[in-house]
Amino acid sequence: MKIALFVLHSSPETRVSEFATVAAIAEKLGDAGYKSELVVTTLSGETEVTIPYGSVFQKITAFSPNTPVGDGADFILQMASKAASDANASIIIGLGTLANRNWGPQLAASLEAEFVTSCEGLSIEGSSLAVAAPAMGGMVSKNLTLGDRPSVLLYSGDNLGPPQANGLTVPAAKQDIDDSGVRFISSEALPDGGGLPLRGASKVVSGGLGVGSAEKWRMIEEFAAKVDAAVGASRAAVEMGWVPSSRQVGFSGQKVSPDIYVAVGISGAVHHLAGIGGAKKIVAINKDPDAAIFKIADVGIVGDYEQILATAIQKLG
Ligand SMILES: Cc1cc2nc3c(=O)[nH]c(=O)nc-3n(C[C@H](O)[C@H](O)[C@H](O)COP(=O)(O)OP(=O)(O)OC[C@H]3O[C@@H](n4cnc5c(N)ncnc54)[C@H](O)[C@@H]3O)c2cc1C
């Protein structure tokens, strides 16, 4: 029988919906003949852990570290790796959270497994599991069939509906962490540049390499503040050090879905567009009339952004 191992970290911030999602996937895989096991980690020193919908799993193990272990990624990795080997798991599934992106690739590498970083759909094709995942900077969705090698999947798809299962409470076994390899020391939040948060913003003003310099970047911030918009940026602007990476929009940055997105001095590379597909209206300001951004803009303004924004700021008072 094929084993699907689910990996979940339990903390006070863990939402019941996260347990519901993994349990619903386990139910679906059960219909396809998989046996599902769950490994849960916790850093809070509890001696037991409550698992909503836990009865769907054939086996649950929970671990808590004997000594503090930073942000937990090392501990999760080690516990997941041990559980995957013990179970001889053919698929290891976690949720596609930022935290899981820490250990997911390392687990895949250590198990010599396939890795699907943003699995958005799961289906059964004959006796194989098929997954849908974005490719080409999020411009297309690819359907992949998993073969005989083990695979690590991080699931970022929709909730699959409430599972028909009950909650369980299981003991958390104390474990030592192997600290012989590369170890986490500490982390600190990077400065965000202030202003409205990008996530969930209804208006975003983003600047690109065309802004020209760190000094000139202040005009982007000033204009954004005038129109109550969050500041975003292309990767090129982030790489110049004009704006923190937390403001990057695109394939390797944040995806935004504002009512209005203003792109200033941004060429419209596919990796940037991957982050703005959800924007309802796009306004582009670019001095190059052939810039790719104009192909997807609802409103295109050809010209030097400094003159255009200076006039706009003056009119807004
Ligand atoms: C794996 C991978 C992931 C990536 N992820 C991201 C991502 O998440 N986000 C992202 O943005 N990029 C990403 N990139 C980089 C991306 O491919 C582009 O290189 C980047 O988006 C270009 O940024 P830009 O548009 O600011 O710069 P450019 O392409 O250099 O464009 C600058 C634009 O400014 C215009 N301009 C210049 N001066 C003025 C002026 N005075 N007034 C008006 N317009 C002016 C120019 O005409 C030009 O169109 C990624 C690349 C790779 C390979």
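Remember, it's a predicted structure, so these values are computed and weren't measured experimentally.

Asks: Is there a simple way to explain the UniProt feature "domain: Electron transfer flavoprotein alpha subunit C-terminal" (unreviewed entry) in the protein in this structure?
Replies: Look at the UniProt record and you will see "domain: Electron transfer flavoprotein alpha subunit C-terminal" (unreviewed entry) annotated at residues 198-276. Taken end to end, residues 198-276 has its terminal C-alpha atoms 12 Å apart, with 28% of it in helix and 18% in strand.

Asks: I tried to follow the site of the ligand on my own but got confused; where do I start?
Replies: Taken together, 24 residues surround the ligand, and among them L209, S234, S252, S267 and N286 come closest. Between the ligand and the protein, one listed contact pairs an oxygen atom with a side-chain N or O atom of S267 at 2.6 Å. One of the backbone nitrogen or oxygen atoms of Y305 is found 3.0 Å away from a nitrogen atom of the ligand. Within the complex, 74% of the 980 Å² of free accessible area of the ligand lies under protein.

Asks: Which parts of the structure should I look at to understand the sheet that holds strand 13 (residues 230-233)?
Replies: Remark on secondary structure: sheet strands pair via backbone hydrogen bonds, oriented parallel or antiparallel. The strand order across the open sheet formed by five strands is 13-12-14-15-16, and the pairing between neighbours is parallel. Every interior strand has two partners, whereas the edge strands, strand 13 and strand 16 (299-302), have only one. Averaged over neighbouring strand pairs, the angle between their axes works out to 20° when direction is ignored. Bridge count for strand 12 (residues 203-207) against strand 13 is four bridges, and the pairing is parallel. Of the residues in strand 13, the one forming a bridge with V204 is A230.

Asks: Is there a simple way to think about the environment of F184 in this case?
Replies: Tracing the sequence through the fold places F184 in the loop between strand 11 (168-175) and strand 12. As a C-alpha pair, F184 and D71 span 113 residues in sequence and 7.6 Å in three-dimensional space. When sequence neighbours within four positions are dropped, the list of residues in contact with F184 reads G70, D71 and D74.

Definitions and cut-offs
- Residues numbered from 1 in each chain as written.
- Predicted model: local features only at pLDDT ≥ 70, side-chain atom pairs only at ≥ 80, totals over all residues.
- Heavy atoms only, no water.
- UniProt positions renumbered as here; feature names shortened; annotations may be inferred.
- Helix = DSSP H or I, 4+ residues; strand = E, 2+ residues; numbered from the N terminus.
- Near = heavy atom within 4 Å.
- Polar contact = N/O pair within 3.5 Å; in protein donor to acceptor, adjacent residues only side chain to side chain.
- Areas by Shrake-Rupley, 256 points an atom, 1.4 Å probe, with all protein chains shown as cover.
- Pairing = 2+ DSSP bridges.
- Axes fitted to C-alpha atoms, helices over the stretch in contact; angles between N-to-C directions.
- Contact = heavy atoms within 4.5 Å.

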